[in-house]
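The residues making up each chain are set out below.
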Amino acid sequence: MSDTTPNHAGTPRKLRRNMIWILENVHREIPYHLHGLQTPLLPEKFGLAFKRPINILVKPSGKEARSQAGPEEKKASFVSVIAELGPRRTINTKTEGGCNDRRPEKGCPPLEGGTMTVEKEFLVGQVPNQKIVGSLAFPEVLNPSDVVQEDKAKTVAESVKENKKFIEQILHKNGAILFRGFGLKTASDFNQFVEAFGYEELPYVGGAAPRTNVVGQVFTSNESPPDQRIPFHHEMAQVPEYPSKVFFFCELASVQGGETPVVLSHLVYERMAKEWPEFVRDLEEKGLLYNRVLGEGDDPSSPIGRGWQSTFLTRDREEAEKRAAKLGMKLEWLEDGVKTVSGPIPAVKVDEAHGRKVWFNSMVAAYTGWEDSRNVPEKAVTFGDGTPLPREAVLACLKILTEESVSEPWQEGDVLLLDNIQVQHARKPFVPPRRVLAALTK
Ligand SMILES: [Fe+2]
């Protein structure tokens, strides 16, 4: 690295050139820099990449590095990097609302020997496919701290209850949290976890997916066939009352596929507005109209196979009409089902809490996914005035959604908590068995 370099006490001493510094517990996507030096990740062959601790190899970037940075400058940079990185971060959930902003100028002071917190409940973790958006991890990952692991008597639900406010702060900032390693095993464990937040349950009225209640607030996630991809969507974006939060729990991970990709919706809006300005202008002016034909009874062979009875939670047609009206839907009865027409509904929403626009619609999902024996995808969604959508723009949106998304394989016991205003989700096809459960709250 240099002819002279500081040891841990900051005293310069002679070292060989090309020394490798390995820094542990740094995030793989945060670009830490020493002046004139590169900090690439250790390659896979070291068997360390993407595993915690994630290490970074610091090495000179050739002549340029040597000419730009003298020993003193390197020393100062190195010390500042170490200060920024610190050891594994512990979120202080008990004092000052904790600290989760990794930006050096905003973040916590570095922990010294991990003694910053009084009570440690959660650790900020990492997963391989996590992204850094701006300066925030997406999704944020929370692992149990050693304190929680040692305190066997304390349930995860209790930890959640005590730290609800802090978890909400993270959710507000990052949009999604992956809780990993908390030892949840069953649907009941998950239900307790969800109930610990004390949110009001949102009845799944008007949603498209076939689901079954498992226990308490917990439902199966979309039970559509495993070989089918479920496109990106905000949960229940096509009806006026949608959940503000969506919880997923992996009870049984698939051996292949079955991820639940997530994407920050404001990024999708920003890119669409930049790349398809006219289309977005039309869309903001006209909104969207969704048409879906529901069958008599559920059709598990279809990803949108909820029959009208389970869509409106009644067997009575008049009652179904009333409930549909509340959801802003009109019903036209057919011989073997009912045609629902929703909208026009705005396609873009203002995320008031963050002061930005979000791509809050099911356009791509409907246009590319609402297909079964009763529905033709291209007719499933139109502009609010009934005119067809430009195919290229819809497909471009699909590409943007995919490019901006994060797809992390499930591990059993994982809970993924989404802010349903900020984040869209999808499901990749999988090889069964797989069991991912869901809970929707107001
Ligand atoms: Fe969903």
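What counts as what
Residues numbered from 1 in each chain as written. Predicted model: local features only at pLDDT ≥ 70, side-chain atom pairs only at ≥ 80, totals over all residues. Axes fitted to C-alpha atoms, helices over the stretch in contact; angles between N-to-C directions. Helix = DSSP H or I, 4+ residues; strand = E, 2+ residues; numbered from the N terminus. Parallel < 35°, antiparallel > 145°, perpendicular 65-115°, else oblique. Left-handed = near helix turned anticlockwise from the far one by under 90°. Contact = placed C-beta atoms within 7 Å. Nonpolar A, V, L, I, M, F, W, Y, C, P; charged D, E, K, R; others polar. Pairing = 2+ DSSP bridges. Core = buried A, V, L, I, M, F, W, Y, C linked by C-beta atoms within 7 Å. Buried ≥ 20, exposed ≤ 12 C-beta atoms within 10 Å, placed from the backbone.

**Some words on the packing of helix α7 (residues 265-275) against helix α13 (residues 391-404)**
Where α7 meets α13, the closest approach of the two axes is 10 Å, and the angle between their N-to-C directions is 140°. Classified by the angle between their axes, α7 and α13 sit oblique to one another. Crossing of α7 over α13 shows right-handed handedness. Side by side, α7 and α13 meet where L267, V268, R271, M272 and E275 of the first sit next to A396, C397, I400, L401 and E404 of the second. Its residues assigned to classes, the contact of α7 with α13 comprises seven nonpolar, no polar and three charged.

**Structural notes on the sheet that holds strand β23 (residues 381-383)**
Sheet strands pair by backbone hydrogen bonding; their relative direction is either parallel or antiparallel. Pairing in this open sheet of four strands is antiparallel, and the strands run β19-β20-β18-β23 from one edge to the other. Each edge of the sheet is formed by a strand with only one pairing partner; in this case those strands are β19 (329-334) and β23. Taking each pair of neighbouring strands and ignoring which way they run, the sheet shows an average axis angle of 20°. With three bridges connecting them, strand β18 (residues 288-295) and β23 associate as antiparallel partners. Across the sheet, L288 pairs through a bridge with F383, a residue of β23. Sitting on the sheet, helix α10 (residues 317-326) touches β19 and β20 (337-345), and the angle it makes with β19 is about 150°.

**Description of the nonpolar core**
By size, the foremost hydrophobic cluster in this structure holds 78 residues, and its most contacted members are F247, F249, M363 and V415. The contacts of F247, once residues within four sequence positions are left out, are V194, V415, L417, A438 and A439. Counting residues in each nonpolar core, the second largest holds eight residues, with V293, L294, W308 and A324 among its members.

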